[in-house]
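Residue-level structural notes
Spelled out from the first residue to the last, the chains are:
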Amino acid sequence: MNYTRLLKTMLLLLLLVLRVHAQENKDVQLLHFTSPHTSFPDTGRANGHLYDSVLYTAQEHYSDSSVLLIIPKHLDAGKKIDLVFWFHGWHNNIDTAAVFYELTKQFVASNRNAILVLAETTKDAPDSYGGKLEQKGMFKGLVNDVMNELRRNNIVKAGAEPGNIVLGGHSGAFRVIAYILQNGQVPVQEVFLFDALYSQVDKFMGWIKQDEHHHFIHWFTNHGGGTDEMSDTMMQQLKDQQLAYNLTEETTVTPDIIKSNRILFVHSLREHNVIINNPDDFQLLLENSFVLIPKKMSVQVK
């Protein structure tokens, strides 16, 4: 049996369900658009990518410049619009990730006065390369494109500007997030990684040290292919540089622990692909963000 083909078929069915539900869902509005400031196409994958003796072609896996905007109907759009960017990992795309990890449901349930943005990277392939988003200023261009699309659709007012920026992602998303922190040319306030610390520790450390208010969380397992070892490496570097952090277990983590530790590692006994939802850990981090405001508490000037 071709399990890869079976998985893709199941995910496509889930995507169809998502789109049908989105039309009926009174709690969220979905917008798809394309941006020249996403990861691909990019010269670094013009000839595709060979991994484990399989060629992943540029046309199928490195040509999609789609962006998905998930806009809660409860959004109270003021002069500043907080944006949460989610980057998916291997063998996924923006639509399947939103379905499989229930990102839309979790984001709406968190009641944050913000917009969730999923920008396409490597599509349905095993590759962490961030393409153009690794370049200087490219993420700034993406943020501008998001704001222009929101204005075009009358979601925000003409003079609205981006507010707080939060980056989140799973697994192979670590690399594009790390390069955005280094080269994105847009201030980022928080980073939420789910079993995604494979390398690039220097970039995460550099961002942490830029501002004492930067909030970093890595939720990791022993089944991620090295994320536990890299967490140990980063915690040792933090210790050596006298930067306070906390390590806690998933079974004992609380909102207070999340809110009171700007650098937090959460160890989970679960598997690599099941630490984001059920229980809804993405929602938990959103609800205890240092910067994201619940809709009912928003005090933005209209």
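Residues numbered from 1 in each chain as written. Predicted model: local features only at pLDDT ≥ 70, side-chain atom pairs only at ≥ 80, totals over all residues. Heavy atoms only, no water.

Attention now goes to unusual backbone geometry. In this model, F40 is joined to P41 through a cis peptide bond whose omega is 5°. With omega at 5°, the peptide bond leading from N278 into P279 counts as cis. As for its position among the elements, P279 is in the loop between strand 11 (263–267) and helix 10 (281–287). Despite not being glycine, D124 shows a phi value in the positive range, around 55°. (Helix = DSSP H or I, 4+ residues; strand = E, 2+ residues; numbered from the N terminus.)

Attention now goes to the packing of aromatic side chains. Evaluation of the coordinates by the stated rule reveals 13 aromatic pairs. Ring geometry for W86 and F282: centres 5.0 Å apart, planes at 65°, overall edge-to-face. Here W86 is found in strand 5 (residues 80–87), whereas its partner F282 is found in helix 10, with 196 residues between them in sequence. Residue W86 is classed as buried on the basis of its relative accessible area, which comes to 1%. When its relative accessible area of 0% is taken as the criterion, F282 is described as buried. Ring centres of F204 and F216 lie 5.8 Å apart, and the angle between their planes is 55°; this geometry places the pair in the tilted category. Of this pair, F204 sits in helix 7 (residues 201–210) while F216 sits in strand 9 (residues 215–220), placing them 12 residues apart in sequence. Judged by its relative accessible area of 0%, F204 falls in the buried class. What makes F216 buried here is its relative accessible area of 0%. (Phe/Tyr/Trp six-rings, centres within 6.5 Å; stacked < 30°, edge-to-face > 60°. Buried < 20%, exposed > 50% of the residue type's maximum accessible area, 1.4 Å probe, protein only.)

With that out of the way, let us pick up the sheet that holds strand 11. Across the sheet, nine strands lie side by side as 1-4-6-5-7-8-9-11-10; this open sheet has mixed pairing. On the outer flanks of this sheet lie strand 1 (28–34) and strand 10 (246–249), each paired with one strand and no other. Each neighbouring strand pair of the sheet contributes to a mean axis angle of 20°, computed without reference to strand direction. Sheet topology note: the strand 5/strand 7 (residues 161–170) ladder contains seven bridges and is parallel. Bridge assignment links I81 to a residue of strand 7, and that residue is P162. The strands touched by helix 8 (residues 227–240) are strand 9, strand 10 and strand 11; relative to strand 9, the strand with the most contacts, the crossing angle is about 145°. (Pairing = 2+ DSSP bridges. Axes fitted to C-alpha atoms, helices over the stretch in contact; angles between N-to-C directions. Contact = heavy atoms within 4.5 Å.)

With that settled, consider the packing of helix 7 against helix 8. At a minimum axis distance of 11 Å, the contact between helix 7 and helix 8 shows a crossing angle of 40°. With respect to their mutual orientation, helix 7 and helix 8 come out oblique. Classified by chirality, the crossing of helix 8 by helix 7 is right-handed. On helix 8, the residues that touch V201, F204, M205 and I208 of helix 7 are M230, M234, Q237 and L238. (Parallel < 35°, antiparallel > 145°, perpendicular 65-115°, else oblique. Left-handed = near helix turned anticlockwise from the far one by under 90°.)

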